[in-house]
Amino acid sequence: MWHHAHVREGAVLGRDCVVGKNVFVDAGVVVGDRVKVQNNVSVYHGVSIGDDVFLGPSCVFTNDLYPRAPGEWSIVPTPVHDGVSIGANATIVCGVDLGEWCVVGAGAVVTRDVLPYQLVLGNPARPAGWVCRCGRVVSRDPDANVVDTRCPTCMSSEGEGPT
């Protein structure tokens, strides 16, 4: 863990995590094993992080759809499943479900669920293709069913795209 990282009491960090500078992990957050949290990331109450997740520099999570300074917060859960990669400066609006091994491009604003192995880009984030478990793009066709496509890098055909 780098200096100036703040992990609140009640947060749980898994094994072999890397936590960058100026990171905040809120009370009640569970972070899985082998997670890389880059500099300037805040993981607020309501967000859950699976194993093998990458949180790029300055990516942002929200946790209330209607925040106001006075009154009670209404925390909306945001599950980040195993293997997800989130690019730098991406914004994840609370309540979305980030499916296993999906990739959120840098600067994307995610307002809808992302399917397992799906690549999303832009503001608002839109489907832009499918990725392999190794993170390489196996199809740039967001409507493709790429279950039988082999990854040109790792040669895997396991798990790419929807079934």
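Up top is the structure.
Residues numbered from 1 in each chain as written. Predicted model: local features only at pLDDT ≥ 70, side-chain atom pairs only at ≥ 80, totals over all residues. Heavy atoms only, no water.

A. Quick look at the sheet that holds strand S17 (residues 126-131). Spatially, S3-S6-S9-S12-S14-S16-S17-S18 is the arrangement adopted by the eight strands of the open sheet, whose pairing is mixed. What marks the edges here is a single partner per strand, and that holds for strand S3 (18-19) and strand S18 (137-139). Strand direction decides the pairing type here: strand S16 (residues 118-121) and S17, joined by four bridges, are antiparallel. Across the sheet, the residue bridging to Leu121 is Arg126, located in S17. (Pairing = 2+ DSSP bridges. Helix = DSSP H or I, 4+ residues; strand = E, 2+ residues; numbered from the N terminus.)

B. Looking closely at the side chain of Asp33. Looking at the secondary structure, you find Asp33 in the loop between strand S5 (30-31) and strand S6 (36-37). Taking relative accessible area as the criterion, Asp33 reaches 17% and is therefore assigned buried. Polar side-chain contacts of Asp33 include one of 2.7 Å to the backbone nitrogen of Arg15. Not counting residues within four places of it along the chain, the set of residues in contact with Asp33 comprises Gly14, Arg15, Cys17, Asp51 and Asp52. (Buried < 20%, exposed > 50% of the residue type's maximum accessible area, 1.4 Å probe, protein only. Polar contact = N/O pair within 3.5 Å; in protein donor to acceptor, adjacent residues only side chain to side chain. Contact = heavy atoms within 4.5 Å.)

By themselves these figures say nothing about function.
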